[in-house]
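Here is what each chain is made of, one letter per residue.
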Amino acid sequence: MASEVWGERWSDSTSDIARKYMEVATRKQSLVCLAADRNTMSGLSDLISEVGPYIAALKTHVDLVDDWSPEAWSDFCKAAEEADLLIFEDRKFADIGKISRSHMAGIYDIRSWADLVTSHLISGPDVVDGLQAGWQDVGRSGGVLLLAQMSSRGNLLNPDYTDQVVNKGREHPGVFGFIGNGSRPEELSELRKKVGSEKMIWTPGVNLSTGDGEMGQRYGDPREAVLAGSDCIIVGSGIHRAENPGESAKKYASASWNALIERES
Ligand code: S5P
């Protein structure tokens, strides 16, 4: 049961969506969010059918799909729902509140299908209210993951900026949690100390083969990320570029799940 496995993350959580995530992750014994970075609808659909059982959430970049259409996307979201997955649009919002609210609508209508979105806090805390207003406009609710750290080399999110994001984000009920740097366990442990136990930390920059990736991406080990305080490993190419994505997803699922058990026992 989720309440037994997740320890204080469960007991201290005040977010329905975080609890939903912990339940899905427990049912599937997987703390994996697949970064579904493929640029065709058929490539995306293949991925869901291959890896759906082994992941707990699906992260999209809706605007990189070449043959996107509202109908095809709606079918894709339905498939994700049937596969018992949270849908997470990695839009990295950063504008003022009222424009962010409008960005939730528009062609892609993110507010109508995403359970989670990412946002920078560079424009100030109103961006979170804008995103929450976006969901309210269609009678839905959702959670915002604030970028507190990044996995890419040379990024400008220095420790002082991270502290400010965490201090503001911790207090906001619309903030589901934070994006942390999965490639550096020591930075992640620091982030966990600052965040405390209530909010989620989700981490990209994770791969079973660690080291430098393409164009400045950096990778750390999934087990180490979870032990350092990550609640969800965001894995892209480690799964979708593998020869057998299903088999690969299973490996990430068991590495992350075993690490959670080890962390909480
Ligand atoms: O700091 C970050 C934040 C994010 S959300 N670094 C990242 O890599 N990401 C996202 O995680 C990125 O947009 C991509 O979709 C995914 C990592 O993919 P991978 O192929 O490198 O595992």
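Calculation notes
- Residues numbered from 1 in each chain as written.
- Predicted model: local features only at pLDDT ≥ 70, side-chain atom pairs only at ≥ 80, totals over all residues.
- Heavy atoms only, no water.
- Helix = DSSP H or I, 4+ residues; strand = E, 2+ residues; numbered from the N terminus.
- Buried < 20%, exposed > 50% of the residue type's maximum accessible area, 1.4 Å probe, protein only.
- Contact = heavy atoms within 4.5 Å.
- Pairing = 2+ DSSP bridges.
- Axes fitted to C-alpha atoms, helices over the stretch in contact; angles between N-to-C directions.
- Phe/Tyr/Trp six-rings, centres within 6.5 Å; stacked < 30°, edge-to-face > 60°.

## Focus: the environment of W10
At step 1: With respect to the element layout, W10 can be found in helix 2 (residues 8-11).
At step 2: The buried category is assigned to W10, whose relative accessible area is 13%.
At step 3: With residues near it in sequence (within four places) discarded, W10 still touches A2, S3, R19, M22 and E23.

## Focus on the sheet that holds strand 2 (residues 57-60)
At step 1: Spatial ordering of the closed barrel is given by 1-2-3-4-5-6-7-10, a layout of eight strands whose pairing is parallel. Recorded for the sheet is a direction-independent mean angle of 25° between the axes of neighbouring strands.
At step 2: Contacting strand 5 (143-147) and strand 6 (175-179), helix 8 (residues 159-171) crosses the sheet at an angle of about 165° to strand 6.

## Structural notes on the packing of aromatic side chains
At step 1: Counted under the stated rule, the structure contains seven aromatic pairs.
At step 2: Ring centres of F88 and W202 lie 5.6 Å apart, and the angle between their planes is 75°; this geometry places the pair in the edge-to-face category. Here F88, found in strand 3 (residues 86-93), pairs with W202, found in strand 7 (residues 200-203); they are 114 residues apart in sequence, far enough to count as distant.
At step 3: Assessed through its relative accessible area of 0%, W202 is described here as buried.
At step 4: Residues F176 and W202 carry aromatic rings whose centres are separated by 5.4 Å and whose planes lie at 80° to one another, so their mutual orientation is edge-to-face. Linking F176 in strand 6 with W202 in strand 7, this pair joins segments that are 26 residues apart in sequence. Neither residue differs from the other here; F176 and W202 are each classed as buried.

## Digging into unusual backbone geometry
At step 1: A positive phi angle, close to 50°, is found at Q29, a residue other than glycine.
At step 2: You can see Q29 is positioned in the loop between helix 3 (16-28) and strand 1 (32-35).
At step 3: A residue is classified by how much of its surface remains accessible, and Q29, at 44% relative accessible area, is partly exposed.
At step 4: A positive phi angle, near 45°, is found at M215, a position not held by glycine.
At step 5: Of note, M215 is situated in the loop between strand 8 (211-212) and strand 9 (218-219).
At step 6: For M215, a relative accessible area of 82% puts it in the exposed group.

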